Amino acid sequence: MFNLDQDIPEPLRPLAWLIGRWEGAGVVGYPTIESAHFGQEVEVTHDGRGFLKWESRAWILDSENGAKVRPAAVESGFWRPLENGEVELLLAHPTGILELYYGKIEPAKIQLKTDGVLRAPGAKEYNAATRMYGLVESNLLWVMDMAAVGQELQSHVSATLKRVE
């Protein structure tokens, strides 16, 4: 059950369903890597200002027993609602990549595409991405398509997360 925080600023209300701590699992794959299952934990918070803070960490899971094998992706960022149902998502990755996504908020659904990608000199080639987040039967579902390392935009990651707080 989701309860709207009464202290949340009005511009954040269309994103309020993201607030909380989420845990779950998904699948990662790409032509340049071996497909794998992963676990993920996401925490979305606000401090009363007009943005949400996003923290995500993931780890590769053993395909046989589901045990944690090794750390995977980590990302930190901010959701910034704009006028007319639009939103920005700014993400930083310890691999030397910064992303700025831009998109539309619909009821319990957010569709985004990269508006800009910055790479540190030692970061892998990464050119563009799309993400979609949705609240389906109280679960956070998300998918990401990516264009990187000489590949066209294509499926890369998907996961289903359950609210735990």
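Since we're looking at a predicted model, the values are computed, not measured.

**Details of the environment of Ile 19**
Mapped onto the elements, Ile 19 comes out in the segment before β1 (20–30). Residues Ile 19 and Ile 105 lie 86 residues apart in sequence; the distance between their C-alpha atoms is 15 Å. Once residues lying within four places of it in the same chain are set aside, the contact partners of Ile 19 are Ile 8, Val 44, His 46, Leu 52 and Arg 163.

**Here's the deal with the layout of surface pockets**
Its boundaries defined by the atoms lining it, the largest pocket holds a volume of some 840 Å³. Val 28, Ala 73, Lys 124, His 156 and Val 157 are, among the 32 residues lining the largest pocket, the residues nearest its centre. Counting only elements with at least two residues in the lining of the largest pocket, the list comes to β1, β2 (33–45), β3 (52–61), β4 (68–81), β6 (97–106), β8 (126–136), β9 (139–148) and β10 (154–163). Sorting elements by how many residues they give to the lining of the largest pocket places β2 first, with 6 residues. Partitioned by chemical class, the residues of the lining of the largest pocket number 19 nonpolar, 7 polar and 6 charged.

**Some points on the UniProt feature "short sequence motif: GXWXGXG" (unreviewed entry) in the chain**
Per the UniProt record, the feature "short sequence motif: GXWXGXG" (unreviewed entry) sits at residues 20–26. The span residues 20–26 is 0% helix and 100% strand, and its two end C-alpha atoms sit 19 Å from each other.

**A word on the packing of aromatic side chains**
Within the structure shown, the criterion is met by 5 aromatic pairs. Look at Phe 51 and Phe 78: their rings are 5.5 Å apart centre to centre, the planes differ by 85°, and that puts the pair in the edge-to-face class. With Phe 51 in the loop between β2 and β3 and Phe 78 in strand β4, the pair connects residues that are 27 residues apart, well separated along the chain. For the ring pair Tyr 133 and Trp 142, a centre distance of 5.9 Å and an interplane angle of 20° mean the geometry is stacked. The exposure classification of Tyr 133 matches that of Trp 142, with both residues buried. Ring pairing ties together the aromatic residues Trp 54, Trp 79, Tyr 133 and Trp 142, which thus form one cluster. Here Lys 68 stacks its cationic end above the ring of Trp 59, 4.3 Å away from the centre of that ring.

**Quick notes on the side chain of Arg 131**
Residue position: Arg 131 is located in strand β8. Among the polar contacts made by the side chain of Arg 131, one reaches the side chain of Glu 75 at a distance of 2.9 Å. A distance of 2.8 Å separates polar atoms of two side chains, one belonging to Arg 131 and the other to Tyr 133. The contacts of Arg 131, once residues within four sequence positions are left out, are Glu 75, Leu 91, His 93, Glu 99, Tyr 101, Ile 110, Gln 111, Leu 112, Trp 142, Val 143 and Met 144.

**Section: the sheet that holds β6**
A barrel is described by the order of its strands in space; here 10 strands give the closed sequence β1-β2-β3-β4-β5-β6-β7-β8-β9-β10, paired in antiparallel fashion. Between one strand axis and the next, the sheet turns through 25° on average, direction left out of account. Relative to β6, strand β5 (residues 86–93) runs antiparallel, the two being bridged by 8 bridges. For Glu 88, the partnering residue across the bridge sits in β6 and is Tyr 102.

**A few points about the pattern of salt bridges**
Enumeration according to the criterion identifies 10 salt bridges in this entry. The salt bridge involving Arg 57 is made with Glu 41; its shortest N-O contact spans 3.4 Å. Of the two residues, Arg 57 is situated in strand β3 and Glu 41 in strand β2; the sequence distance between them amounts to 16 residues. One salt bridge connects Asp 47 with Arg 49, and the closest N-O pair in it is separated by 2.7 Å. Salt bridges linked by common partners bring Arg 21, Glu 23, Glu 41, Arg 57 and Glu 165 together as one network.

Conventions adopted
- Residues numbered from 1 in each chain as written.
- Predicted model: local features only at pLDDT ≥ 70, side-chain atom pairs only at ≥ 80, totals over all residues.
- Heavy atoms only, no water.
- Helix = DSSP H or I, 4+ residues; strand = E, 2+ residues; numbered from the N terminus.
- Contact = heavy atoms within 4.5 Å.
- 1 Å grid on protein atoms, 1.4 Å probe; cavity = no way out; pocket = protein on both sides within 12 Å on 5 of 7 lines; lining within 4 Å.
- Points joined across faces, edges and corners; volume = space filled by probe spheres on them.
- Nonpolar A, V, L, I, M, F, W, Y, C, P; charged D, E, K, R; others polar.
- UniProt positions renumbered as here; feature names shortened; annotations may be inferred.
- Phe/Tyr/Trp six-rings, centres within 6.5 Å; stacked < 30°, edge-to-face > 60°.
- Buried < 20%, exposed > 50% of the residue type's maximum accessible area, 1.4 Å probe, protein only.
- Lys NZ or Arg CZ within 6 Å of the ring centre and 35° of its normal.
- Polar contact = N/O pair within 3.5 Å; in protein donor to acceptor, adjacent residues only side chain to side chain.
- Pairing = 2+ DSSP bridges.
- Axes fitted to C-alpha atoms, helices over the stretch in contact; angles between N-to-C directions.
- Salt bridge = Lys/Arg side-chain N within 4 Å of Asp/Glu carboxyl O.

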